[in-house]
Amino acid sequence: HGSRIFNTWMGDPGKVILLQTVLKVIQRDNLLQNTKVTGDILYQGILELENRFPHLINSTRGKDRGTFIAFNGVDSKTRDAIINNLKHKGVQVGGCGDYAVRLRPALIFQPRHAHILLDRLQQVIQEL
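Here's what I pulled together on the structure shown here. (Residues numbered from 1 in each chain as written. Predicted model: local features only at pLDDT ≥ 70, side-chain atom pairs only at ≥ 80, totals over all residues. Heavy atoms only, no water.)

Remarks on the sheet that holds strand β1 (residues 57-61)
- As summarised here, the arrangement of the four strands in space is β1-β2-β4-β3, forming an open sheet in which the pairing is antiparallel. Only two strands of the sheet have a single neighbouring strand rather than two, namely β1 and β3 (94-96). Averaged over all pairs of adjacent strands, the angle between their axes in this sheet comes to 30 degrees, without regard to strand direction.
- In this sheet, strand β4 (residues 100-103) lies alongside strand β2 (residues 69-73) in antiparallel orientation, the contact comprising four bridges. Along β4, the bridge assignment pairs F71 with V101.
- Running over the sheet, helix α2 (residues 31-52) touches β1, β2 and β4 and is turned about 155 degrees from β1. (Pairing = 2+ DSSP bridges. Helix = DSSP H or I, 4+ residues; strand = E, 2+ residues; numbered from the N terminus. Axes fitted to C-alpha atoms, helices over the stretch in contact; angles between N-to-C directions. Contact = heavy atoms within 4.5 Å.)

What follows is the structure in structure tokens.
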């Protein structure tokens, strides 16, 4: 029976049903617009921190990319300290390359969460 083994080329009908529900929720809850609004808050907040602390972070990027935002630590040690210290404050971000800190929050990440992240990021930067 051809449908007994689901593979890359056939797809998995169960996953299609899940995808349909996910797409309905994204549409129903206006989550794409949410990423734009929340991303603007994050981007502007990180840019303000960059302007205040250019000796620690720079190269904020991701404007108009929703919540897919990144910035650099001035060196690997600073970047690693930012990531680790944020983790101790309950915020998970990722590193990329030698210097980058990447934000990749879920679609349900709201403006109130962005303000929490920015507050904790400011604390971490000030502690450095």
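Re the pattern of salt bridges
- If you walk through the whole model with that rule in mind, you get four salt bridges.
- Residues K36 and D40 are paired through a salt bridge, measuring 3.3 Å at the closest nitrogen-oxygen approach. With K36 and D40 both in helix α2, this residue pair falls four residues apart, about one helical turn.
- The exposure class of D40 is partly exposed, given its relative accessible area of 31%.
- A salt bridge links E127 to K89, with the nearest nitrogen and oxygen atoms 3.2 Å apart. Taken as a pair, E127 in helix α4 (residues 111-127) and K89 in the loop between α3 (76-88) and β3 lie far apart in primary sequence, 38 residues in all.
- A relative accessible area of 53% means that E127 is categorised as exposed. (Salt bridge = Lys/Arg side-chain N within 4 Å of Asp/Glu carboxyl O. Buried < 20%, exposed > 50% of the residue type's maximum accessible area, 1.4 Å probe, protein only.)

Considering the side chain of R79
- Relative to the helices and strands, R79 is located in helix α3.
- Within the structure, the side chain of R79 is placed 3.2 Å from the backbone oxygen of G97, a separation counted as a polar contact.
- With residues near it in sequence (within four places) discarded, R79 still touches G73, G95, C96, G97, D98, Y99, A100 and V101. (Polar contact = N/O pair within 3.5 Å; in protein donor to acceptor, adjacent residues only side chain to side chain.)

Geometric values such as these leave the question of function open.
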